[in-house]
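# Summary of the model geometry
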Amino acid sequence: MDSRESRILIATCYGHFMSHFNMLVFPAVVLPLAGRLKMDMAYILDLSFWMYFLFGITALPWGLIADRWGSKPLFLIYYLGAGCSGLAAAVWIDHPSRFSVALAMIGLFSGIYHPIGLGMISKEIKRISLGMAYNGMFGNLGLATAPLLTGVVNWIWGPSAAYVCLGVLNLLGVGLIAVLPSMEVHQSESKSSGNGNGLLAAFLILLVVMMLGGVVYRGATVILPAYFELKNQAIFQWLSSVAGGGLSKNLVATTFVSFIYIVGMLGQYTGGRTAERFDLRICYFTFHAITIPAAFLMASAVDLPLVFLALIYFFFLLGMQPIENTLVAKFTPKKFHHSAFGSKFVLTFGVGALSVKMIKAIETAYSIETVFYALGSTSIILVGVIVVLIYKTRQN
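Just so it is clear, the model here is predicted, and its values are computed rather than measured.

## Brief notes about the overall build of the protein chain
What the protein chain contains, in helices and strands, is 20 helices and zero strands. Relative to the compact-globule value of 21 Å for 396 residues, the protein chain shows a C-alpha radius of gyration of 20 Å, a close match. In terms of its C-alpha atoms, the protein chain occupies a principal-axis envelope of roughly 60 × 45 × 35 Å. Across the 396 residues of the protein chain, 60% fall into the buried class. Long-range contacts, defined here as pairs at least 24 residues apart, represent 86% of the contacts in the protein chain between residues at least 6 apart. Surface accessibility of the protein chain: about 14700 Å² in total, with carbon and sulfur atoms responsible for 69%. Taken as two groups, the 25 positive and 16 negative side-chain charges of the protein chain have centres that lie 6 Å from each other.

What follows is the structure, encoded as structure tokens:
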């Protein structure tokens, strides 16, 4: 990659890191907040609904704005808005309604990243799949760092400090963007599209797949820390005895979740390299299909078998993302890539936020284990729609 591409990846990779970090702090403090606020876990989870909903539903408006204004101003709005909202969440953490508003603002501003960052990569990086892979790896690093850092900070100072940390890390991004040169798209390149008018029907089918994928992704990432805390009792007892006591269940659970997301970085790289070598559609089908048996088995597993299954599940669930993002770029004209990725994330994260409501309903009516049966069943439908996509694009 040349120096311009490297600068773009620096900006987009940190932005991707922070967007997922911002979303994954909350799941790591669900049970500590339940104890602190004397509320049931299902109702604590519900406080995050508007954060996840706005994170996704605002993606298309942000993408449309980026197609007119360019990326750099929106990156600055992203970091300033998310940073100040994180500090507000720290101040209001003992007031559920205000805390929920602060979370919603974190989601609103964090929603800027995906249509802006991925649009830049698809327009400016020659090896799109590899660029998406590197960018995805930093997103996974955000997924991994958030529960681990949050678990440690919560253990030492409490959940309020975790949101101070979130705010400061976002504000650091302002300095990063301010010192970078202009990153606007070359107009001569953006006006010409290597894929003509795109494949509209294929893109619409892909949107359905991505909407279902958003339900699965958000549901799995929101529930995982609390699920590990409840299901990995033997692991906690063994580690506690080795450490001589003093460990918290939340810290152990979030540490394992971070490890799983770090392994997911390898999945992202594998997905990106696979996308360069093989048929994108078949890769997409295969990665999603492998998650189905893992999801069903996670519903009844505990301790080390659960950790092993989660490693498989998230390796492929996260690893398919560079493949998916490359498909979006292939099916849409280059000059509309910000808007195309905005459309994707309205469905992936906006509609996907409904999984928070789904988890609350399932956990209340049945059990937390039943959530993974629901996620596996959703993935079966998702894979069926990918088969339709493959059939529809068989001539391409």
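Here the narrative resumes.
## A closer look at the packing of aromatic side chains
In the structure shown here, the tally under the stated rule is 18 aromatic pairs. Aromatic side chains tyrosine 78 and tyrosine 113 sit 6.4 Å apart centroid to centroid with 40 degrees between the ring planes, which places their arrangement in the tilted category. Residue tyrosine 78 is located in helix H6 (residues 72–91), and its partner tyrosine 113 is located in helix H8 (residues 113–124); the two are separated by 35 residues in the primary sequence. Like tyrosine 113, tyrosine 78 is buried.

## Remarks on the pattern of salt bridges
Applying the stated rule across the entire model yields seven salt bridges. The salt bridge involving glutamate 369 is made with lysine 231; its shortest N-O contact spans 2.3 Å. Here the residue glutamate 369 occupies a position in the loop between helix H19 (354–365) and helix H20 (370–392), and lysine 231 occupies one in helix H12 (residues 200–231), the gap between them amounting to 138 residues. Given the relative accessible area of 21%, glutamate 369 is considered partly exposed.

## Digging into the nonpolar core
The biggest cluster of nonpolar side chains holds 131 residues, and the ones touching the most others in it are Phe26, Tyr163, Phe228 and Tyr313. Among the elements that make up this core, the one with the highest residue count is H12 (17 residues). Those residues in contact with phenylalanine 228, other than ones at most four positions away along the chain, are Ala253, Phe256, Val257, Ile260, Leu306, Val307 and Ala310.

## With respect to the environment of asparagine 22
Along the polypeptide, asparagine 22 turns up in helix H1 (residues 3–28). The spacing of asparagine 22 and lysine 72 is 50 residues in sequence and 20 Å in space, taken between C-alpha atoms. Separated by 2.8 Å, the side chains of asparagine 22 and asparagine 170 make a polar contact.

## So, the confidence of the model for the protein chain
Atom-level detail of predicted coordinates should not be read off regions where pLDDT is low. In this model, the protein chain carries an average pLDDT of 84, and 93% of its residues clear a pLDDT of 70 or more. Of the regions scoring below 50 in pLDDT, residues 185–197 engages in 23 contacts with residues more than four places distant in sequence or in other chains.

## Describing the packing of H1 against helix H4 (residues 49–57)
Packing of H1 against H4 leaves a shortest axis separation of 11 Å and a crossing angle of 160 degrees. By the angle between their directions, the pair H1 and H4 is classed as roughly antiparallel. Like other packed secondary-structure pairs, H1 and H4 cross with a definite hand, here left-handed. Two secondary-structure elements touch here, H1 through Ser19, Asn22, Met23, Phe26 and Pro27 and H4 through Met51, Tyr52 and Phe55. Residue composition of the contact of H1 with H4, grouped by class: six nonpolar, two polar and no charged.

## Some points on unusual backbone geometry
In this model, lysine 38 sits at a positive phi of 55 degrees, which is unusual for a non-glycine residue. Structurally, lysine 38 can be placed in the loop between helix H2 (30–37) and helix H3 (41–46). Of note in this structure, aspartate 303 is not a glycine but carries a positive phi near 55 degrees. Along the chain, aspartate 303 falls in helix H16 (residues 303–319).

What counts and what doesn't
Residues numbered from 1 in each chain as written. Predicted model: local features only at pLDDT ≥ 70, side-chain atom pairs only at ≥ 80, totals over all residues. Heavy atoms only, no water. Helix = DSSP H or I, 4+ residues; strand = E, 2+ residues; numbered from the N terminus. Rg over C-alpha atoms; globule rule 2.2 N^0.38 Å. Buried < 20%, exposed > 50% of the residue type's maximum accessible area, 1.4 Å probe, protein only. Contact = heavy atoms within 4.5 Å. Areas by Shrake-Rupley, 256 points an atom, 1.4 Å probe, with all protein chains shown as cover. Lys, Arg positive; Asp, Glu negative; His and termini not counted. Charge placed at Lys NZ, Arg CZ, Asp CG, Glu CD. Phe/Tyr/Trp six-rings, centres within 6.5 Å; stacked < 30°, edge-to-face > 60°. Salt bridge = Lys/Arg side-chain N within 4 Å of Asp/Glu carboxyl O. Core = buried A, V, L, I, M, F, W, Y, C linked by side-chain atoms within 4.5 Å. Polar contact = N/O pair within 3.5 Å; in protein donor to acceptor, adjacent residues only side chain to side chain. pLDDT = per-residue confidence, 0-100. Axes fitted to C-alpha atoms, helices over the stretch in contact; angles between N-to-C directions. Parallel < 35°, antiparallel > 145°, perpendicular 65-115°, else oblique. Left-handed = near helix turned anticlockwise from the far one by under 90°. Nonpolar A, V, L, I, M, F, W, Y, C, P; charged D, E, K, R; others polar.

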